[in-house]
Amino acid sequence: MPEIKNPILPGFHPDPSIVRVGEDYYIATSTFEWFPGVQIHHSRDLVHWRLLRPPLRRASQLNMLGDPDSCGIWAPCLTYADGLFWLVYTDVKRYGRTTTAGTSGASLRDFHNYVVTSPAIEGEWSDPVYLNSSGFDPSLFHDDDGRKYLTQMLWDHRPGQNRFAGIILQEYSPAECRLIGAREVTFRGTEIGFTEGPHIYKRGGYYYLLTAEGGTGWGHAVTMARSRHINGPYELHPDKYVLTSRGHAEAALQRAGHADLVETPAGETYMVHLCGRPLPSRGRCTLGRETAIQKMVWKEDGWLYHSSGTSLPSISTPAPAVEQHPWPITISRATFDRPELPPEFQWLRSPYPSELFSLADRPGYLRLFGRETIGSLFRQSLVARRQQSHECSAETHMEFDPEHFQQMAGLVCYYNTAKFHYLYLSRDEVLGKHLRVMSALPDQPMADAFTDPIPIAFPGPLELRAEIRLDTLRFAYRTPGAEWRWLPQSFDASILSDEATAPGLPNFTGAFVGMACQDMSGSGRAADFAWFEYRQNS
């Protein structure tokens, strides 16, 4: 029997929600501060997946200017009913705490929940309908009597209270485009806490509630409960947690949780879930939270179990008995000769891409306009793609002629505004044009580090290269066609991970590699990139 190799969506693809329409499967995943919002992948066999056009790509649907790192789009839920695709999602505007006399006070967060619809998965999605702001991880359930319900976690900011106050339920009226009736707490969770990520299913006269618990790190777990009534009370699964890696440091897939279920046309059940693959040397997940899949079985007691007989996620799982449906292989070198960016590339926060880059100003090139600093939460010219393997390389061809030190452009290995390694070209009044690496280091006393500048005497374009081998990163440069000149330093690639952080900060994304351009003088000096090549060894 053919096997599905996990993860099915490698690299930063967290919080998966899956739906089947006919013989087609679609998975929606979180994108946080990266624009466009929400990634959707498509499969015909649960083995091979391709990236589709993103649903949230207009300013009227999503504007994340100013959203902090690891905020923005959290945990979308994708469903299908009444001839429409339905997508609910959260836009997180604040993740933080107040402090009084140096002690932690109320954890005040701002998150707004919306729903959009479309008759076609790659069509134009509607403008959003606002739902509420009382918590995150919203999920829409379509009952067989035609009624619809929104379920989500409830946030309680009060001191002394459980921040994760339980799973709530409220009816949604499509006719009125709003929530109706009172919200009810249906499930308080188990002792490991952090109860979130709910989804509801109906089977055999029971409503089944699937939740994520234990936090999205090493203690993550998938909890199941059921009830004869949608608003409870819910009884726990005999094993409580149907999927988890907690307590199993040997497991290849760690952080397993935040799951969703789908049934094949033949009646087989599969669970998609997020996971992490730590670096063997450092235990840090530079690829972020990825998406894996497990075959599940319903047993005679009416409960769901992993097909392997354990609750541990497997690195491979049996594939459904259907014809394999691979997609064309994506070429490693991306060019910029079309009206839109290649689908694997995203940028940060802004719904106004024409302020940041152009594919038309110089045909065949991506022109990045120098904007705010690489630490900006507003208008930052940075276009990047996910790192999807622990061993990979990235190269690009850049043309840039800076006038002074406030103008820079180059190749960046990026996690967020406080964690990156940036090989950039700039100009100094003494050295002239030069290359150097700027690093933002979250786990060092000196958070900002610079290498010594390397004078660049030759005019014309430069090619820049990054090589990542587990936790080691090296940079190189050359003129086109010449030999690579390697910088003498090696850099810590493991900082591009959720785990490398100061306490209490949100870190929910993953490593990217891409192109960037800044002009802190405000004159908008541009850099042109002819291509971007990404290769991986595994």
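Details of the structure are given in the entry above.
All figures in this text were calculated on a predicted structure; none of them were measured in a lab.

A. Quick look at the overall build of the protein. If you tally the helices and strands in the protein, you get zero helices and 42 strands. Residue burial in the protein is summarised as follows: out of 538 residues, 59% are buried. For the protein, contacts bridging at least 24 residues in sequence account for 58% of all contacts bridging at least 6. Here the protein has roughly 20800 Å² of accessible surface; of this, 51% comes from carbon and sulfur atoms. Side-chain charges of the protein comprise 51 positive and 61 negative groups, with the mean position of each set lying 1 Å from the other.

B. Expanded view of the pattern of salt bridges. Under the defined criterion, the tally for this structure stands at 38 salt bridges. A salt bridge links K202 to D144; the nearest nitrogen and oxygen atoms lie 3.1 Å apart. Here K202 is found in strand 17 (residues 196-203), whereas its partner D144 is found in the loop between strand 13 (139-142) and strand 14 (148-155), with 58 residues between them in sequence. Note on K202: relative accessible area 36%, which makes it partly exposed. In this structure, the salt-bridge partner of R147 is E171, at a minimum N-O distance of 2.6 Å. Remark: E171 occurs in strand 15 (residues 164-173) and R147 occurs in the loop between strand 13 and strand 14; sequence separation between them is 24 residues. With a relative accessible area of 38%, R147 lands in the partly exposed category.

C. Focus on the sheet that holds strand 16 (residues 178-187). If you walk across this open sheet you meet the four strands as 13-14-15-16, and the pairing is antiparallel. Of all strands in the sheet, those bounded by a partner on one side alone are strand 13 and strand 16. With direction set aside, neighbouring strand axes in the sheet form an average angle of 30 degrees.

D. How the structure looks around the side chain of Q61. As for its placement among the helices and strands, Q61 is situated in the loop between strand 6 (50-51) and strand 7 (72-81). Polar contacts involving the side chain of Q61 include one to the main-chain carbonyl oxygen of S126, which spans 3.2 Å. Sequence-distant contacts of Q61, that is, excluding residues within four places in its chain, are made with P55, L56, Y89, W125, S126, D127 and P128.

E. Representation of the packing of aromatic side chains within the structure. Per the counting criterion, the structure on display carries 31 aromatic pairs. Both rings, one in F32 and one in F508, keep their centres 6.0 Å apart while their planes meet at 40 degrees; by these two values the pair is tilted. Taken together, the residues span a long stretch of sequence, with F32 in the loop between strand 3 (24-29) and strand 4 (34-35) and F508 in the loop between strand 40 (491-492) and strand 41 (512-519) at a distance of 476 residues. Both rings, one in Y208 and one in W298, keep their centres 4.9 Å apart while their planes meet at 65 degrees; by these two values the pair is edge-to-face. Here W298 lies in strand 23 (residues 290-298) and Y208 lies in strand 18 (residues 206-213), a separation of 90 residues in the sequence. Here the guanidinium or amino end of R228 rests over the ring plane of Y206, the centre of that ring lying 3.7 Å away. When the ring centre of Y305 is taken as reference, the NZ or CZ atom of K299 above it lies at 4.7 Å.

F. Geometry of the sheet that holds strand 24 (residues 304-306). With respect to topology, four strands assemble into an open sheet ordered 21-22-23-24, the strand pairing being antiparallel. Looking at strand neighbours, the two that pair on one side only are strand 21 (254-263) and strand 24, the edges of this open sheet. On average, each strand axis in the sheet is inclined to that of its neighbour by 40 degrees, with strand direction left out of account. Note: strand 21 against strand 22 (residues 269-276), seven bridges, orientation antiparallel. From the neighbouring strand, A259 faces strand 22, where its bridge partner is H273.

G. Here's a closer look at the nonpolar core. Counting 67 residues, the largest nonpolar core has L366 and F475 as the members making the most contacts within it. Sequence-distant contacts of F475, that is, excluding residues within four places in its chain, are made with L411, C413, H421, L423, V437, R465, A466, R485, W486, L487 and F491. W74, F508, F512 and A516 belong to the second-largest nonpolar core, a separate cluster that totals 37 residues.

H. Up close: the environment of R379. Along the polypeptide, R379 turns up in the loop between strand 29 (366-369) and strand 30 (381-386). Taking the C-alpha atoms as reference points, R379 and L348, 31 residues apart in sequence, are found 8.0 Å from one another. Leave out the neighbours within four places in its chain, and R379 touches L65, Y352, E355, L356, R371 and E372. Within the local environment of R379, its side chain forms a polar contact with the side chain of E355, the two groups lying 2.6 Å apart.

I. Examining the environment of Y206 more closely. With respect to the helices, strands and loops of the structure, Y206 is situated in strand 18. Sequence separation between Y206 and A225 is 19 residues, and the spatial gap between their C-alpha atoms is 9.9 Å. Y206 has contacts with Y201, R226, S227, R228 and E235, leaving out every residue within four places of it along the chain.

J. Quick peek at the environment of C413. As for its position among the elements, C413 is in strand 32 (residues 407-416). In sequence terms C413 and R386 are 27 residues apart; their C-alpha atoms lie 9.8 Å from each other. Sequence-distant contacts of C413, defined by excluding residues within four places in its chain, comprise F420, H421, A466, I468, L473, F475, L496, F512 and V513.

K. Region of the structure containing the pairing of strand 29. Bridge analysis of strand 28 (residues 357-358) against strand 29 gives two bridges, and the strand direction is antiparallel. The residue of strand 29 that forms the bridge with S358 is R367. The pairing of strand 29 with strand 42 (residues 526-536) spans four bridges and is classified as antiparallel. Bridge pairing in strand 42 links F369 to A526.

L. Inspection of unusual backbone geometry at higher detail. A cis amide bond links N6 to the next residue, P7, at an omega of -5 degrees. In this structure, P7 sits in the loop between strand 1 (3-5) and strand 2 (17-21). With an omega of 5 degrees, the peptide bond running from G232 to P233 counts as cis. Among the structural elements, P233 can be located in the loop between strand 19 (221-227) and strand 20 (235-244). Despite not being glycine, D137 has its phi angle at roughly 60 degrees, a positive value. With respect to the element layout, D137 can be found in the loop between strand 12 (129-132) and strand 13.

So, how was this worked out
Residues numbered from 1 in each chain as written. Predicted model: local features only at pLDDT ≥ 70, side-chain atom pairs only at ≥ 80, totals over all residues. Heavy atoms only, no water. Helix = DSSP H or I, 4+ residues; strand = E, 2+ residues; numbered from the N terminus. Buried < 20%, exposed > 50% of the residue type's maximum accessible area, 1.4 Å probe, protein only. Contact = heavy atoms within 4.5 Å. Areas by Shrake-Rupley, 256 points an atom, 1.4 Å probe, with all protein chains shown as cover. Lys, Arg positive; Asp, Glu negative; His and termini not counted. Charge placed at Lys NZ, Arg CZ, Asp CG, Glu CD. Salt bridge = Lys/Arg side-chain N within 4 Å of Asp/Glu carboxyl O. Pairing = 2+ DSSP bridges. Axes fitted to C-alpha atoms, helices over the stretch in contact; angles between N-to-C directions. Polar contact = N/O pair within 3.5 Å; in protein donor to acceptor, adjacent residues only side chain to side chain. Phe/Tyr/Trp six-rings, centres within 6.5 Å; stacked < 30°, edge-to-face > 60°. Lys NZ or Arg CZ within 6 Å of the ring centre and 35° of its normal. Core = buried A, V, L, I, M, F, W, Y, C linked by side-chain atoms within 4.5 Å.

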